[in-house]
Amino acid sequence: MFKKVIIYILCLIPWFASSIIKVDYNYLKEIKVPFFTPPQQFYPIAWLIIYLLIAYTVYKIITTYKLKEIPKSYKISLLINYIFNQSFTILFFGLKNNFLGFISCLGTFISTLFLYEETSILQNKQKVLLNPYILLSLFASILSLTIYLLNI
């Protein structure tokens, strides 16, 4: 049991890497945002839930299969998704670049679709846990595009 908890925590920790980077979260208050922008408290709660779900799907895959049995396509999809996901904070808040923030969101959304497909091949039951991630990354892409267009 303890070993399973440790493995799950190891699957979860990397998703919080960008949160240790010091950025100006007040940037959102300095720019024009659309009427459908959620309150700031929404993001930490939503992303915590998403990260818990992603980590669980990864956990189920790595505890079901040997590392060599996990297809390269899954590993690549997960890595690309992770990079796009983690880059948003740096690009949008760190560099204060609305366009690159949008690209990061769009990349996250598209790579989440690939991750969903790859997960469904390995753990068909677990793929539904990625549905909220798909929806949130789609919403984030729309929001980010709107922010970019409002601030050109």
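Structure: see above.
Reading guide: rules and limits
Residues numbered from 1 in each chain as written. Predicted model: local features only at pLDDT ≥ 70, side-chain atom pairs only at ≥ 80, totals over all residues. Heavy atoms only, no water. Helix = DSSP H or I, 4+ residues; strand = E, 2+ residues; numbered from the N terminus. Expected span 1.5 Å × (residues − 1). Polar contact = N/O pair within 3.5 Å; in protein donor to acceptor, adjacent residues only side chain to side chain. Phe/Tyr/Trp six-rings, centres within 6.5 Å; stacked < 30°, edge-to-face > 60°. Buried < 20%, exposed > 50% of the residue type's maximum accessible area, 1.4 Å probe, protein only. Salt bridge = Lys/Arg side-chain N within 4 Å of Asp/Glu carboxyl O. Core = buried A, V, L, I, M, F, W, Y, C linked by side-chain atoms within 4.5 Å. Contact = heavy atoms within 4.5 Å. 1 Å grid on protein atoms, 1.4 Å probe; cavity = no way out; pocket = protein on both sides within 12 Å on 5 of 7 lines; lining within 4 Å. Points joined across faces, edges and corners; volume = space filled by probe spheres on them. Nonpolar A, V, L, I, M, F, W, Y, C, P; charged D, E, K, R; others polar.

**Q** Got a minute to help me understand helix α5 (residues 98–122) in this structure?
**A** Given 3.6 residues per turn, any residue in an α-helix points the same way as the ones three and four places further on. Here α5 spans 36 Å end to end across 25 residues, near enough to the 36 Å set by a 1.5 Å rise per residue. A distance of 3.1 Å separates the backbone nitrogen of F99 from a side-chain oxygen at the start of α5, and that oxygen is part of N97.

**Q** Help me understand the packing of aromatic side chains, please; the structure alone is not making it clear to me.
**A** Ring pairs (aromatic) are described by centroid distance and by the angle formed between their planes. Inspection of every chain in the model, using the stated rule, returns 17 aromatic pairs. Ring geometry for Y8 and Y59: centres 6.1 Å apart, planes at 85 degrees, overall edge-to-face. With Y8 in helix α1 (residues 2–12) and Y59 in helix α3 (residues 42–64), the pair connects residues that are 51 residues apart, well separated along the chain. Given a relative accessible area of 11%, Y59 falls into the buried group. Measuring from centroid to centroid gives 5.3 Å for Y27 and F92, while their planes differ by 65 degrees, and the two rings are edge-to-face. Placement of Y27 in helix α2 (residues 27–30) and of F92 in helix α4 (residues 72–94) is noted, with a sequence separation of 65 residues between them. According to the relative accessible area criterion, Y27 is buried, its value standing at 7%. Classification of F92 as buried rests on a relative accessible area of 2%.

**Q** In this structure, what is going on with the pattern of salt bridges? I would like to understand it.
**A** Summed over the entire model, instances satisfying the criterion amount to 1 salt bridge. Close ionic contact of K96 with D24 constitutes a salt bridge, the shortest N to O distance being 3.2 Å. Of the two residues, K96 is situated in the loop between α4 and α5 and D24 in the loop between α1 and α2; the sequence distance between them amounts to 72 residues.

**Q** Hey, could you run me through the nonpolar core in this one?
**A** Nonpolar side chains in soluble globular proteins tend to be buried together. With 19 residues, the main nonpolar core has I54 and Y74 as its most contacted residues. Residue contributions to this core peak at 8 residues, all from α3. Excluding residues within four positions of it along the chain, Y74 makes contact with V58, I61, L115, E118, T119 and L122. By size, the runner-up hydrophobic cluster in this structure holds 8 residues, among which are V23, L28, F92 and I147.

**Q** Looking at this structure, I do not really get the environment of F114. What am I missing?
**A** For F114, the position within the fold is in helix α5. Here the alpha-carbon distance between F114 and S73, two residues 41 residues apart in the chain, equals 9.2 Å.

**Q** I'm lost on the environment of Q86 in this one. Help?
**A** Note on placement: Q86 falls in helix α4. Q86 sits in the buried class, given a relative accessible area of 7%. In this structure, the C-alpha to C-alpha distance between Q86 and L52, residues 34 residues apart in sequence, is 15 Å. Setting aside residues up to four positions removed in sequence, Q86 forms contacts with P14, W15, F16, A17, S18 and Y51.

**Q** Please clarify how the layout of surface pockets should be interpreted in this entry.
**A** Here the idea is plain: a probe the size of a water molecule rolls over the atoms and shows the empty space left. In this structure, the largest pocket spans a volume of roughly 720 Å³. Along the walls of the largest pocket sit 28 residues, with Y43, W47, F88, T89 and F93 positioned nearest its centre. Looking at the lining of the largest pocket, the elements that each hand over two or more residues are α3, α4, α5 and α6 (131–150). Ranked by the residues each element gives to the lining of the largest pocket, the list is headed by α6, at 7 residues. When the residues that make up the lining of the largest pocket are grouped by side-chain class, the tally is 19 nonpolar, 9 polar and no charged.

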